[in-house]
Amino acid sequence: MGEAPERTEGVRRRDPVVMDAVVRECLPALLRGARAAGLAQDRAEDLVQSTFLVFFRRAEEFDGRARCLTWLYGIMLRKLAEDRRSVSREEPTDQIEAIMDARFGSDGQWLRPPGGPEWELEQGEIRRMLRECLETVPERQRLVFTLREVEGLTTEEICNLLEVSSNNLGVLLYRARNRLRECLEGKGLKGNSDAQV
Amino acid sequence: MLRCNEVTRLVASERLQTAGLMTRLGVRMHLMVCRYCRRYVAQLRAIGRAARGLAEGDPAQREAVHRLIRALQNQPD
């Protein structure tokens, strides 16, 4: 997914109106991403600010092949990786895999089906609980989940940004979503009794 | 016929889009007959929606965003 030609040109020329629009549009997403990657609020804000400074400095290198947001995420995640030991591959084992496996019988059918209703009517309650549940998700899984669900990046964009294979991304998304689902169910987000086995 | 553990993995990992036509059809057929998998999929959707709602409705983050935008606008070129 690329950037519109007019905007690409605007960025390359550092057109103040275009740059201002990019900041307004992308900054909230970057800040959420930095928080999702596990940074404290003040460190997240510092990182986002320095990301934009790099963006301003290197604006003429922007070629529009990726969206501005993706480009900015790339800058930010590289800066983040410089600070930490480089982000490693996803662990081959993870508790959530065993938790999920235990839900199915040897025939692959649900042994312990998902509890509760469809959660359609409990959006407010889910939100409140989700805030706590997100804290229990490992950083890398949480970052991937946020980029995908909240920021709406395509799976391809995320693979390029984090330099992971699509299989690896699938594993991360699977683990993040099931961790959250298990956590919400554990917090009592259930209603109808037929889920109890 | 796809099994429940295969369906949940395909859906949650989003490998459905790159899967073949038969697999995609298999998942749809499975969801028609399996209410637990339907429930599971609906719950994952609800979680995504709630995550978006959480991000938009966070006043502390909104304030931080405005502060950062102001700081960036005041950067000397």
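Remember, it's a predicted structure, so these values are computed and weren't measured experimentally.

Draft legend 1. The pattern of salt bridges, seen in detail. Residue and element names in this part refer to chain A. This model, assessed by the stated rule, comprises 25 salt bridges over all chains. Its salt-bridge partner being Arg 175, residue Glu 97 comes within 2.8 Å of it at the nearest N-O pair. Note that Glu 97 is positioned in helix H5 (residues 95-101) and Arg 175 in helix H9 (residues 166-186), a separation of 78 residues in sequence. When its relative accessible area of 2% is taken as the criterion, Arg 175 is described as buried. With a closest N to O distance of 2.8 Å, Glu 132 and Lys 187 form a salt bridge.

Draft legend 2. The arrangement of the packing of helix H7 (residues 139-150) of chain A against H9 of chain A in detail. Residue and element names in this part refer to chain A. Contact geometry of H7 with H9 gives a least axis separation of 9 Å together with a crossing angle of 95°. Judged by the angle between their axes, H7 and H9 are roughly perpendicular. Here Arg 140, Gln 141, Val 144, Phe 145, Arg 148 and Glu 149 of H7 come into contact with H9, specifically with Asn 168, Leu 169, Leu 172, Leu 173, Arg 175, Ala 176, Arg 177, Arg 179 and Leu 180. Grouping the constituent residues of the contact of H7 with H9 by class yields seven nonpolar, two polar and six charged.

Draft legend 3. Region of interest: the confidence of the model for chain B. Residue and element names in this part refer to chain B. Taken residue by residue, chain B gives an average pLDDT of 87. The fraction at 70 or more is 96%. Summarising per-element confidence for chain B, the mean pLDDT is lowest in helix H4 (residues 59-73) (80) and highest in helix H1 (residues 4-12) (96). Under the prediction, the complex receives an ipTM of 0.87, its pTM being 0.77.

Draft legend 4. Quick look at the packing of helix H2 (residues 21-33) of chain B against helix H3 (residues 35-56) of chain B. Residue and element names in this part refer to chain B. Where H2 contacts H3, the axes come no closer than 6 Å and their chain directions differ by 110°. Compared by their axis directions, H2 and H3 come out roughly perpendicular. From H2, His 30, Leu 31, Met 32 and Val 33 reach across to H3, where they touch Arg 35, Cys 37, Arg 38 and Val 41. Taken together, the residues of the contact of H2 with H3 sort by class into five nonpolar, one polar and two charged.

Draft legend 5. Structural view of the side chain of Glu 97 of chain A. Classification of Glu 97 of chain A by relative accessible area gives buried; the value is 14%. Reaching out from Glu 97 of chain A, the side chain makes a polar contact with the side chain of Arg 175 of chain A at a distance of 2.8 Å. Look past the residues within four positions of Glu 97 of chain A in its chain and what remains in contact with it is Val 171, Tyr 174 and Arg 175 of chain A together with Arg 9 of chain B.

Reading guide: rules and limits
- Residues numbered from 1 in each chain as written.
- Chains lettered and ligands numbered in written order.
- Predicted model: local features only at pLDDT ≥ 70, side-chain atom pairs only at ≥ 80, totals over all residues.
- Heavy atoms only, no water.
- Salt bridge = Lys/Arg side-chain N within 4 Å of Asp/Glu carboxyl O.
- Helix = DSSP H or I, 4+ residues; strand = E, 2+ residues; numbered from the N terminus.
- Buried < 20%, exposed > 50% of the residue type's maximum accessible area, 1.4 Å probe, protein only.
- Axes fitted to C-alpha atoms, helices over the stretch in contact; angles between N-to-C directions.
- Parallel < 35°, antiparallel > 145°, perpendicular 65-115°, else oblique.
- Contact = heavy atoms within 4.5 Å.
- Nonpolar A, V, L, I, M, F, W, Y, C, P; charged D, E, K, R; others polar.
- pLDDT = per-residue confidence, 0-100.
- Polar contact = N/O pair within 3.5 Å; in protein donor to acceptor, adjacent residues only side chain to side chain.

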